[in-house]
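Examination of the molecular architecture
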Amino acid sequence: MSVLLSCRNLTHTAGTKSLFRDLSLSVSRGDKIGLNGHNGCGKSTLLKILAGSAHPDGITADDGEISRRQGLRLAMVEQFLPAAEHELSLHDSVLARIPQVERDTEGYRAALTLSSLGFSEDQHGLQARDLSGGQLNRLMLARVLVSEPDLVLLDEPSTHMDLATLAMHERYLAQEIPCAFILVSHDRALLDGVTNKTLILRDERAYAFDLPYSAARSALTEMDIAATAARADEEKKIEKLQASAKRLAIWGKVYDNEKFAR
């Protein structure tokens, strides 16, 4: 499977807080990756680094720590629609993301993209300022998809969506989106329904699983249980060694035996 983007040993600190250390990941065609972790762990920052709008500590985008396939079309969905776009119709807002030289021959993609995301033809003429929060999220996704990217980065796209809009959005991401994506979300049902891989940020590390979210969480819990058991076994061995060392030291003192003492 063709690798679109990879990074290795990324480290990033926000002020005095370390977000992640030695983080590595790889994204290939067909990957639908859920990115999860507690608030403030660095999920949004990681997306910005992958998009190139921020840089990890100590390197620039050209240092080789982040590798993008030649010609990779990568796009990050906006979290807020630019104020200048609020007066445009949905169609014109999406059309504006197609290069001017292509609009005469490729302009039809604007209408197709809007329709694929659940906007009726009658709604294409609505102004963006009249949309609900969920509709705005769909419009911002349409503005990215019309450029036919290879990889899309989405940061909490389900915010402000009602149940019907969320169901449509989940169906689109699960069945219709034509590219790989990385999705930041805390919505377990959404992540389980649309992803095939999971990246969990915790304790400044990234844990990667070729599993949807709930299965990945279970696998991480099993890793934690195994690590706890291994640590307990190590502690027992340490206690035995310490007891043996103490006993030998006593014998060395009582019997004046330098070997035992040492």
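Residues numbered from 1 in each chain as written. Predicted model: local features only at pLDDT ≥ 70, side-chain atom pairs only at ≥ 80, totals over all residues. Heavy atoms only, no water.

We now examine the confidence of the model for the protein chain. When pLDDT is averaged along the protein chain, the result is 87; 95% of the residues meet or exceed 70. Confidence drops under pLDDT 50 across residues 60–64; counting only partners more than four residues distant or on other chains, this segment forms 5 contacts. (pLDDT = per-residue confidence, 0-100. Contact = heavy atoms within 4.5 Å.)

To continue, consider the packing of helix 5 (residues 133–145) against helix 6 (residues 163–176). With their axes 10 Å apart at the nearest point, helix 5 and helix 6 run at an angle of 20 degrees to one another. Classified by the angle their axes make, helix 5 and helix 6 are roughly parallel. Here helix 5 and helix 6 pass one another in a crossing that is left-handed. Contacts from Gly134, Arg138, Leu141 and Leu145 of helix 5 reach helix 6 at Thr165, Met168, His169 and Tyr172. In terms of residue class, the contact of helix 5 with helix 6 is made up of 4 nonpolar, 3 polar and 1 charged. (Axes fitted to C-alpha atoms, helices over the stretch in contact; angles between N-to-C directions. Helix = DSSP H or I, 4+ residues; strand = E, 2+ residues; numbered from the N terminus. Parallel < 35°, antiparallel > 145°, perpendicular 65-115°, else oblique. Left-handed = near helix turned anticlockwise from the far one by under 90°. Nonpolar A, V, L, I, M, F, W, Y, C, P; charged D, E, K, R; others polar.)

This part takes up the pattern of salt bridges. As enumerated under the stated definition, the model contains 14 salt bridges in all. Measuring nitrogen to oxygen at the nearest pair gives 3.3 Å for the salt bridge that ties Glu85 to Arg143. Highlighted residues: Glu85 in the loop between strand 5 (74–76) and helix 2 (90–95) and Arg143 in helix 5, separated in sequence by 58 residues. As far as burial versus exposure is concerned, Glu85 and Arg143 are alike and both buried. Notably, a salt bridge pairs Asp224 with Arg202, separated by 2.8 Å at the nearest N-O pair. Separated by 22 residues along the polypeptide, Asp224 in helix 8 (residues 213–254) and Arg202 in strand 8 (residues 197–202) bring together distant segments of the chain. Shared partners join several salt bridges into a network, and the residues in it are Glu78, Glu85, Arg97 and Arg143. (Salt bridge = Lys/Arg side-chain N within 4 Å of Asp/Glu carboxyl O. Buried < 20%, exposed > 50% of the residue type's maximum accessible area, 1.4 Å probe, protein only.)

Moving on: the sheet that holds strand 7 (residues 180–184). The 6 strands are arranged 5-6-7-3-8-9 in an open sheet whose pairing can be described as mixed. The strands lining the two open edges of the sheet, one partner per strand, are strand 5 and strand 9 (205–209). The mean angle between the axes of side-by-side strands here comes to 15 degrees, regardless of whether they run parallel or antiparallel. Looking at chain direction, strand 5 and strand 6 (residues 151–155) are connected through 3 bridges and run parallel. Within strand 6, the residue paired with Leu74 across the bridge is Leu151. Contacts between helix 1 (residues 43–51) and the sheet are confined to strand 3 (32–36), strand 5, strand 6, strand 7 and strand 8, with strand 6 contributing the most and set at about 155 degrees to the helix. (Pairing = 2+ DSSP bridges.)

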